[in-house]
Amino acid sequence: MKTIKPYDENPVNPAYKMPAGACDSHCHVFGPANHFPYSPVSTYTPKDAGFETLRALHDHLGIERAVIVQASCHGTDNRAMMDAIARSNGRYRGVGMVGGDVTDAELEALHLGGVRGIRYNFVAHLGGAPDPDVFDRMVNRVKGLGWHVVLHLDAQDIPYYLPLLNSLPIPFIIDHMGRAKVADGIKQPPFQELLALMRNNERSWVKISGAERISKAGRPFADAIPFASALIKAAPDRVLWGTDFPHPNISGDMPNDGELVDLFARFTDNDDLRTRILVDNPERLYWAD
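Values in this document were obtained by computation on a predicted structure and should not be read as measured data. (Residues numbered from 1 in each chain as written. Predicted model: local features only at pLDDT ≥ 70, side-chain atom pairs only at ≥ 80, totals over all residues. Heavy atoms only, no water.)

Participant: Before we go on, may I ask you to explain the sheet that holds strand β6 (residues 115–121) in this structure?
Facilitator: Backbone-to-backbone hydrogen bonds pair the strands of a sheet. The strands run either parallel or antiparallel. Across the sheet, which stays open at both edges, the eight strands sit in the order β2-β4-β5-β6-β7-β8-β9-β10 with parallel pairing between neighbours. The open sheet has two edge strands with one neighbour each: β2 (23–27) and β10 (239–240). Pairing geometry for strand β9 (residues 204–207) and β10, over two bridges, is parallel. Counterpart to K207 in the pairing with β10 is L240. Lying over the sheet, helix α6 (residues 189–200) contacts β8 (172–174) and β9, oriented at roughly 130° with respect to β9. (Pairing = 2+ DSSP bridges. Helix = DSSP H or I, 4+ residues; strand = E, 2+ residues; numbered from the N terminus. Contact = heavy atoms within 4.5 Å. Axes fitted to C-alpha atoms, helices over the stretch in contact; angles between N-to-C directions.)

Participant: Can you help me understand the environment of I232 in this one?
Facilitator: Considering the arrangement of structural elements, one finds I232 in helix α8 (residues 225–234). In this structure the C-alpha to C-alpha distance between I232 and K207, which are 25 residues apart in sequence, comes to 9.7 Å. Look past the residues within four positions of I232 in its chain and what remains in contact with it is I208, V239, F267, T268, L273 and I277.

Participant: Looking at this structure, I do not really get the packing of aromatic side chains. What am I missing?
Facilitator: Centre-to-centre distance and the angle between the planes together describe a pair of aromatic rings. Under the defined criterion, the tally for this structure stands at twelve aromatic pairs. Every member of this aromatic cluster is reached through a ring pair, and the members are Y120, F122, F135, Y160 and Y161. Sitting over the ring of W287, R65 keeps its end group 4.4 Å from the ring centre. (Phe/Tyr/Trp six-rings, centres within 6.5 Å; stacked < 30°, edge-to-face > 60°. Lys NZ or Arg CZ within 6 Å of the ring centre and 35° of its normal.)

Participant: Would you take a moment to explain the environment of F135 for this structure?
Facilitator: By secondary structure assignment, the location of F135 is in helix α4 (residues 132–143). The class for F135 is buried, based on a relative accessible area of 4%. It is 16 Å that separates the C-alpha atoms of F135 and S72, two residues lying 63 residues apart in sequence. If we skip the residues at most four places from it in the chain, F135 touches Y120, F122, P130, V149, L151, L164 and L168. (Buried < 20%, exposed > 50% of the residue type's maximum accessible area, 1.4 Å probe, protein only.)

Participant: Quick question: what am I supposed to make of unusual backbone geometry here?
Facilitator: Residues apart from glycine generally show negative phi values, whereas peptide bonds are mostly found in trans. Here the residue pair R219 and P220 is connected by a cis peptide bond, since its omega of 10° sits within 30 degrees of zero. Relative to the helices and strands, P220 is located in the loop between α7 (211–214) and α8. Residue P246 is reached from F245 by a cis peptide bond, and omega for that bond is 5°. Position of P246 relative to the elements: it lies in the loop between β10 and α9 (257–267). Look at N89: it is not a glycine, yet its phi comes out positive at around 55°.

Participant: What am I meant to see in the nonpolar core here?
Facilitator: Nonpolar side chains in soluble globular proteins tend to end up buried together. Within the largest apolar cluster, 88 residues are counted, with the highest numbers of intra-cluster contacts made by I208 and W241. If you look at the next biggest cluster of nonpolar residues, it comprises eleven residues, including V67, V150, L240 and L285. (Core = buried A, V, L, I, M, F, W, Y, C linked by side-chain atoms within 4.5 Å.)

Participant: Whenever I open this one, the packing of α8 against α9 confuses me. Can you help?
Facilitator: Each packed pair of helices is defined by two parameters, the angle between the axes and the distance between the axes. Where α8 contacts α9, the axes come no closer than 9 Å and their chain directions differ by 55°. When the axis of α8 is compared with that of α9, the two are oblique. Viewed along their axes, α8 and α9 form a crossing whose handedness is right-handed. Residues I225, A228, S229 and I232 of α8 pack against L263, R266 and F267 of α9. Here the residues of the contact of α8 with α9 are counted per class, giving five nonpolar, one polar and one charged. (Parallel < 35°, antiparallel > 145°, perpendicular 65-115°, else oblique. Left-handed = near helix turned anticlockwise from the far one by under 90°. Nonpolar A, V, L, I, M, F, W, Y, C, P; charged D, E, K, R; others polar.)

Purely geometric numbers; function is a separate question.
Laid out in structure tokens, this is it:
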């Protein structure tokens, strides 16, 4: 199990002031391991970043709400995420990871605890695609709960999975701008396929997070701006933003979360669109009830 880079513990004070109700729609909690051990089959060991660390970061950045996405280092043990949601006084919701043997009662308990979706990794270094039968069965099971599915895939695989994506009966969210590498240009076929999907499929959503994962230039990752801006233009009502704190498995420059807030403000200069992405869009998915 590899040890990954630690997050930046000194976020700058962002120049951009978040609107009331702003949501970090993609972040994680890691441990602490002495209370919530990491999965024995995880491919990496992170530095602990539990509820207190995440809450302090959000308070510093002026973020009122967040969606905690279950990370692969905890596998299908959602206890760290559920603990953080329970302690947030309604500020946090969650996206869980579950096995094919999860019971209806367990799904209901996750729902009552604030979970509103399930996540599947299709990325090779995190274990690759899930079993197709299990994936299909779980998508149909969570449909009755009003949930969505979050998909973590590599850009080059988007064309291959288009038939699957277009067949999904529930809303789906593609993480991190589809991980389309800036080095391959904005006209690269996988990114153009993603833009077309966003324009044409009303169930499709995308997160304009993970600039550090797609950037060629490195910090502060300004070369990702055209990609985020294009996605906003394609489907402004189905775009979310998140920090991705604590930034697992970063091979290049580790981002500073205060700088990421200011980078978001450069994705669009329209304050109404910023509020839509930070407040209105996550409200519809995670706090509708």
